[in-house]
Amino acid sequence: MSAAHIFVWELSGTAMLTLLGCGVGANVTLRRSLGYDGGWLLVTFGWGVAVFVGASIAAPSGAHINPAVTIGLAVNGQVPWSQVPCYLAGQMVGATIGAFVCWAAYKLQFDTHDDPDTTRSVFCTGPTVRNTPWNLVTETVATFVLVLWIILTPAARPGPEGIPDFGNSALGYAAVMFVVIGLGTSLGGPTGYAMNPARDLGPRVAYALLPVRGSADWSYSWIPVAGPIAGAVIAGLAAEALSAV
């Protein structure tokens, strides 16, 4: 694949991911929205569908839409390191664009929202209990599970008597959607389960630039980047070790 091919498809898929993901955050957070106060289950379901749609669009480039996935696959030897910068650039630009479009879709609700300090949660994650080492652990663990599952999930293969064994591939990108929803309900409570540096940092940049009152909380912003990268590296190495057994 060419660098342009990777960049365009990853940008498109990641933009759709954050448009829909931030969209469900806006729907639940903004008081003049019909989904206001819809709860954590609505958020996790919305982000799961956002991953499904974004990955489906980015299929021509491998549907990474997440720097952690790209890095995990590179560590595992499935993606050349020379392609990693193209993936990451497309993902970051796309994530930022998607967040801007989300704001445009909900502009009137942002304008009439009377609690601006809560609007950051529409765009990026934050801990319920702030503690740097443990917040980092949470993001690392959640991303480890996601990336390990992606690497080790078997593709379709010939089965007995010529009947194909589709495994998880029969569900396509819906399988990833279910995993993301499951991770949100099980491990998303402490930090909002970013699991994706672009999904958090791109919208956080957009939030800082948009005419929305509130702090981007830059002092926390490195955790949803470093934690997922650490989890991805560990997952890539663990998958390689397991494959050698």
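Shown above is the structure to which this text applies.
Everything numeric in this text was worked out from a predicted model, so none of it was measured. (Residues numbered from 1 in each chain as written. Predicted model: local features only at pLDDT ≥ 70, side-chain atom pairs only at ≥ 80, totals over all residues. Heavy atoms only, no water.)

> Please explain the nonpolar core as it appears in this structure.
One broad trend across soluble globular proteins is that nonpolar side chains are buried collectively. Ranked by size, the top nonpolar core spans 19 residues in total, and within it L17, W47, L146, V180, L183, Y193 and M195 carry the most contacts. The set of elements that each furnish at least two residues to this core consists of α1 (3–29), α2 (40–57), α7 (132–152) and α8 (174–187). In terms of residue count, α2 provides more of this core than any other element does, 5 residues in total. Ignoring anything within four residues of it in the chain, the contact list for L17 reads W47, A50, V51, G54, I65, N196 and R199. (Core = buried A, V, L, I, M, F, W, Y, C linked by side-chain atoms within 4.5 Å. Buried < 20%, exposed > 50% of the residue type's maximum accessible area, 1.4 Å probe, protein only. Helix = DSSP H or I, 4+ residues; strand = E, 2+ residues; numbered from the N terminus. Contact = heavy atoms within 4.5 Å.)

> Honestly, the packing of α2 against α8 in this entry has me stumped. Any pointers?
Axis angle and axis distance: for two packed helices, these are the angle between their axes and the distance between the axes, and together they describe the pair. The contact between α2 and α8 brings their axes to 8 Å, and the two run at 155°. As the angle between them shows, α2 and α8 are arranged roughly antiparallel. α2 and α8 meet at a crossing whose hand is right-handed. For the pair α2 and α8, contact is made by W40, L41, T44, F45, W47, G48, V49, V51 and F52 and by A174, V176, M177, V180, I181, G184 and T185, respectively. Taken together, the residues that form the contact of α2 with α8 break down as 12 nonpolar, 4 polar and no charged. (Axes fitted to C-alpha atoms, helices over the stretch in contact; angles between N-to-C directions. Parallel < 35°, antiparallel > 145°, perpendicular 65-115°, else oblique. Left-handed = near helix turned anticlockwise from the far one by under 90°. Nonpolar A, V, L, I, M, F, W, Y, C, P; charged D, E, K, R; others polar.)

> It is not clear to me how the environment of V141 should be interpreted in this structure. Could you clarify?
Counting through the fold element by element, V141 comes out in helix α7. Owing to a relative accessible area of 39%, V141 belongs among the partly exposed residues under this scheme. The sequence separation of V141 and A230 amounts to 89 residues, and the corresponding C-alpha distance is 9.0 Å.

> Sorry if this is basic, but what is going on with the environment of G236 here?
Locating G236 in the fold gives a position in helix α10 (residues 223–243). For G236, a relative accessible area of 0% gives the class buried. The sequence separation of G236 and A216 amounts to 20 residues, and the corresponding C-alpha distance is 31 Å. Once residues within four sequence positions are removed from consideration, G236 is found in contact with G72, V75, N76 and I151.

> Sorry, what's going on with the side chain of S221 here?
Mapped onto the elements, S221 comes out in the loop between α9 (197–209) and α10. Within the structure, S221 has its side chain in polar contact with the backbone oxygen of W218 (distance 2.7 Å). (Polar contact = N/O pair within 3.5 Å; in protein donor to acceptor, adjacent residues only side chain to side chain.)

> Explain the packing of aromatic side chains to me, please; I cannot follow it from the model alone.
Aromatic ring pairs are reported here in terms of the distance separating the ring centres and the angle at which the planes meet. If you walk through the whole model with that rule in mind, you get 3 aromatic pairs. Taking the centre distance of 5.8 Å and the plane angle of 25° together, the rings of F110 and F123 count as stacked. Here F110 is found in helix α5 (residues 107–111), whereas its partner F123 is found in helix α6 (residues 120–123), with 13 residues between them in sequence. Since its relative accessible area comes to 8%, F110 is described here as buried. Owing to a relative accessible area of 0%, F123 belongs among the buried residues under this scheme. Seen in terms of ring centroids, F123 and Y207 are 5.3 Å apart; in terms of plane orientation they differ by 40°. Their pairing is tilted. Placement of F123 in helix α6 and of Y207 in helix α9 is noted, with a sequence separation of 84 residues between them. You'll find F123 and Y207 in the same group, each marked buried. Among the aromatic residues, ring-to-ring pairing joins F110, F123 and Y207 into one connected group. (Phe/Tyr/Trp six-rings, centres within 6.5 Å; stacked < 30°, edge-to-face > 60°.)

> Would you take a moment to explain the packing of α7 against α8 for this structure?
At a minimum axis separation of 11 Å, α7 and α8 run at an interaxial angle of 160°. Taken together, α7 and α8 sit at an angle that is classed as roughly antiparallel. The handedness of the crossing between α7 and α8 is right-handed. Two secondary-structure elements touch here, α7 through T138, V141, A142, V145, L146 and W149 and α8 through A175, V176, V179, V180, L183 and L187. Of the residues contributing to the contact of α7 with α8, the split by class is 11 nonpolar, 1 polar and no charged.

> Is there a simple way to think about unusual backbone geometry in this case?
Generally, phi is negative for residues other than glycine and the peptide bonds are trans, each holding for most cases. In the Ramachandran plot, D37 falls in the positive-phi region, its phi being about 65° despite a non-glycine side chain. Looking at the element boundaries, D37 is found in the loop between α1 and α2. Of note in this structure, D217 is not a glycine but carries a positive phi near 55°. Structurally, D217 is set in the loop between α9 and α10.

The values are spatial; any link to function lies outside them.
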